[in-house]
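# Summary of structural features
For reference, the chains in residue letters:
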Amino acid sequence: SKGNHRHFMEKEIHEQPEVISHTLAYYLDFSKGTIRAGSAPVDFAKIDRIAASACGTAYYAGLVGKYWFEHIARLPVDIDVASEFRYREMPLSKDSLALFVSQSGETADTLASLRYCKQQGLSIGTIVNVRESTMARESNTVFPTLAGPEVGVASTKAFTCQLSVLASLAVAAGKMRGTINEEEERQLVRELSEIPRYANQALRLEEQIETISRDLSQVKHVLYLGRGTSFPLALEGALKLKEISYIHAEGYAAGELKHGPIALIDESMPVIVIAPYDRWFEKTVSNMQEVAARGGKIILITDEKGAAASTLKTMHTIVLPNTPEIIAPIIYALPIQMLAYYTAVFMGTDVDQPRNLAKSVTVE
Ligand code: M6R
């Protein structure tokens, strides 16, 4: 049941601190500050690549995972949407791990990609929320997300739980591959254990976000920009908004702006910039300057340090607490979900069951 929430989506957004904490407890031993023995039963030291695929929001989770695996574990990740992956006939090495991400475990294209990799003799690992699903049954290794049933068609808590698993696996891989030492593992585990606390703080921004959403519900187009791990978040923000509010939105890597989309910027174009104060911040701010110079209306999502460092005129600034770099994508997912949610509420759409969409896409 929805309890005292208006929609399942709202309920599921609010459940995130709790379900992320359940998910993390499966992978992390908080008292020892290590990855829990047996929770990642893949020898990451023996594989030379990850071939990943998924659809929609699960694909964006995988895309963030790529940054983590490559940065923390120096493990290259090829990732593609499953509808392309399944027909691409990409050369696969037996030393690769095939990795799939799915809430339902039934998505037709993802399942077909999984079966293709199995036929090629690869070991199959799947991050999945429904433990009894077809994908879970057909995988060699199941990495569960403990999000509980997700009812809203727009994925929220499944996404942040997928990210929590991917971050944990990247740390596990880094440890096995010797790219991080014990002290670094303990530090990362400590940072991951803080996600629920930061997520609760992010939820407190709800009223401000509701106000901003009133403005957003008046526009026809929205651009989302981000760099590094905030780039997939920009894609996810745009997907979430179009999916439930039917407002046209696009996500771009901030550096791509000048290669085309900047032509769209005028006074009527809101640009949502996702920019924690991280190693990409300065670059993203310089892209924002280009938007501001053309009259674009900036909605900046940043942290306290970022808000202090930026001198730009924004229409709105959403200020999150300063977070460790690894957990930022998980925390920034929350304001993005709330923006889409409240905008859709103002538009009066059917938030939990948007038109033309199904919760689980079991046909090609
Ligand atoms: O069940 P799955 O995670 O495999 O589903 C994948 C996509 O269909 C799903 O994430 C879709 O994009 C959501 N409606 C996004 O909110």
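Here the structure is shown first, and the text comes after it.
These remarks concern the structure in this document. This is a predicted model, so every value here is computed, not measured. (Residues numbered from 1 in each chain as written. Predicted model: local features only at pLDDT ≥ 70, side-chain atom pairs only at ≥ 80, totals over all residues. Heavy atoms only, no water.)

Check the secondary structure of the chain and you find 14 helices and 12 strands. Scaling as 2.2 N^0.38, a compact globule of 364 residues should have a C-alpha radius of gyration of about 21 Å, and the chain matches this with 20 Å. For the chain, the C-alpha atoms occupy an extent of roughly 55 × 45 × 45 Å along the three principal directions. Across the 364 residues that make up the chain, the buried fraction comes to 59%. Relative to all contacts within the chain whose residues are 6 or more apart in sequence, the contacts with residues 24 or more apart total 76%. For the chain, the accessible surface area stands at approximately 14600 Å², while carbon and sulfur atoms represent 48% of it. (Helix = DSSP H or I, 4+ residues; strand = E, 2+ residues; numbered from the N terminus. Rg over C-alpha atoms; globule rule 2.2 N^0.38 Å. Buried < 20%, exposed > 50% of the residue type's maximum accessible area, 1.4 Å probe, protein only. Contact = heavy atoms within 4.5 Å. Areas by Shrake-Rupley, 256 points an atom, 1.4 Å probe, with all protein chains shown as cover.)

What follows covers the site of the ligand. If you check the shell around the ligand, you find 14 residues, and the closest are Ser102, Gln103, Ser104, Thr107 and Glu243. At a separation of 3.2 Å, an oxygen atom of the ligand approaches a polar backbone atom of Thr57. With respect to the ligand, the side chain of Lys240 contributes an N or O atom lying 2.9 Å from an oxygen atom. Against a free-state accessible area of 410 Å², the protein chains account for coverage of 91% of the ligand. (Near = heavy atom within 4 Å. Polar contact = N/O pair within 3.5 Å; in protein donor to acceptor, adjacent residues only side chain to side chain.)

Within the open sheet, the five strands sit side by side as 4-3-5-6-7. Their pairing is parallel. For this open sheet the edge positions go to strand 4 (77-81) and strand 7 (141-144), each flanked by a neighbour on one side alone. The sheet shows a mean angle of 20 degrees between the axes of neighbouring strands, taken without regard to direction. Here strand 3 (residues 49-54) runs beside strand 5 (residues 96-102); their pairing, made up of five bridges, is parallel. Residue pairing across strands places Ala52 opposite Leu99, the latter belonging to strand 5. Those strands touched by helix 5 (residues 108-119) are strand 3, strand 5 and strand 6 (123-128), and its axis lies near 165 degrees from that of strand 5. (Pairing = 2+ DSSP bridges. Axes fitted to C-alpha atoms, helices over the stretch in contact; angles between N-to-C directions.)

Moving on, we come to the side chain of Thr110. If you trace the backbone, Thr110 turns up in helix 5. Relative accessible area serves as the criterion here: at 1%, Thr110 is assigned to the buried category. Excluding anything up to four places from it in sequence, Thr110 contacts Ser53, Ala54, Cys55, Ala82, Phe100, Val101 and Met135.

This next bit is on the sheet that holds strand 12 (residues 316-320). Pairing in this open sheet of five strands is parallel, and the strands run 9-8-10-11-12 from one edge to the other. Looking at the sheet topology across the chains shown, the edges are occupied by strand 9 (248-253) and strand 12. Strand-to-strand twist across the sheet, computed as the mean angle between neighbouring axes with direction ignored, equals 15 degrees. Pairing between strand 8 (residues 221-226) and strand 9: six bridges, direction parallel. Note that in strand 9 the partner of Tyr224 across the bridge is Gly251. Contacts from helix 12 (residues 281-293) reach strand 8, strand 10 (270-274) and strand 11 (297-303) within the one sheet, and its direction differs from that of strand 11 by about 165 degrees.

Here we take up the pairing of strand 6. Each regular strand carries side chains that alternate between the two faces of the sheet. The buried fraction of strand 6 amounts to five of the six residues, a majority that puts the element mostly inside the structure. In the sheet, strand 5 pairs with strand 6 via six bridges, with the strands oriented parallel. In the sheet register, Leu97 faces strand 6, and the bridge partner there is Ser123. In this region the chain leaves strand 5, passes through helix 5 and returns to the parallel neighbour strand 6; the handedness of that crossover is right-handed. Summarising the sheet, strand 6 and strand 7 pair through four bridges and their orientation is parallel. Each bridged residue has a counterpart across the sheet, and for Thr126 the counterpart in strand 7 is Val142. (Right-handed = clockwise from strand over helix to strand, strands pointing away.)

This part takes up helix 12. Taking 1.5 Å per residue, 13 residues should reach 18 Å; helix 12 reaches 18 Å between its end C-alpha atoms and fits that length. When helix 12 is considered as a whole, its buried residues turn out to be Phe281, Thr284, Val285, Asn287, Met288, Glu290 and Val291. Just downstream of helix 12, Gly295 is the residue with a positive phi angle, here 85 degrees. (Expected span 1.5 Å × (residues − 1).)

A side chain of one charge can pair with a side chain of the opposite charge when the charged atoms of the two come close. This structure, assessed with the given rule, holds 17 salt bridges. Salt-bridge contacts for Asp78 lead to Arg49; the nearest nitrogen and oxygen are separated by 2.8 Å. Here Asp78 is found in strand 4, whereas its partner Arg49 is found in strand 3, with 29 residues between them in sequence. Owing to a relative accessible area of 26%, Asp78 belongs among the partly exposed residues under this scheme. (Salt bridge = Lys/Arg side-chain N within 4 Å of Asp/Glu carboxyl O.)

Right, let's get into the nonpolar core. Counting 91 residues, the largest nonpolar core has Phe44, Ile50, Trp68 and Phe69 as its most contacted members. In terms of residue count, helix 14 (residues 328-347) provides more of this core than any other element does, 13 residues in total. If near-sequence neighbours (up to four positions away) are discounted, Ile50 is found in contact with Phe44, Phe69, Leu75, Pro76, Val77, Asp78, Leu97 and Leu99. (Core = buried A, V, L, I, M, F, W, Y, C linked by side-chain atoms within 4.5 Å.)

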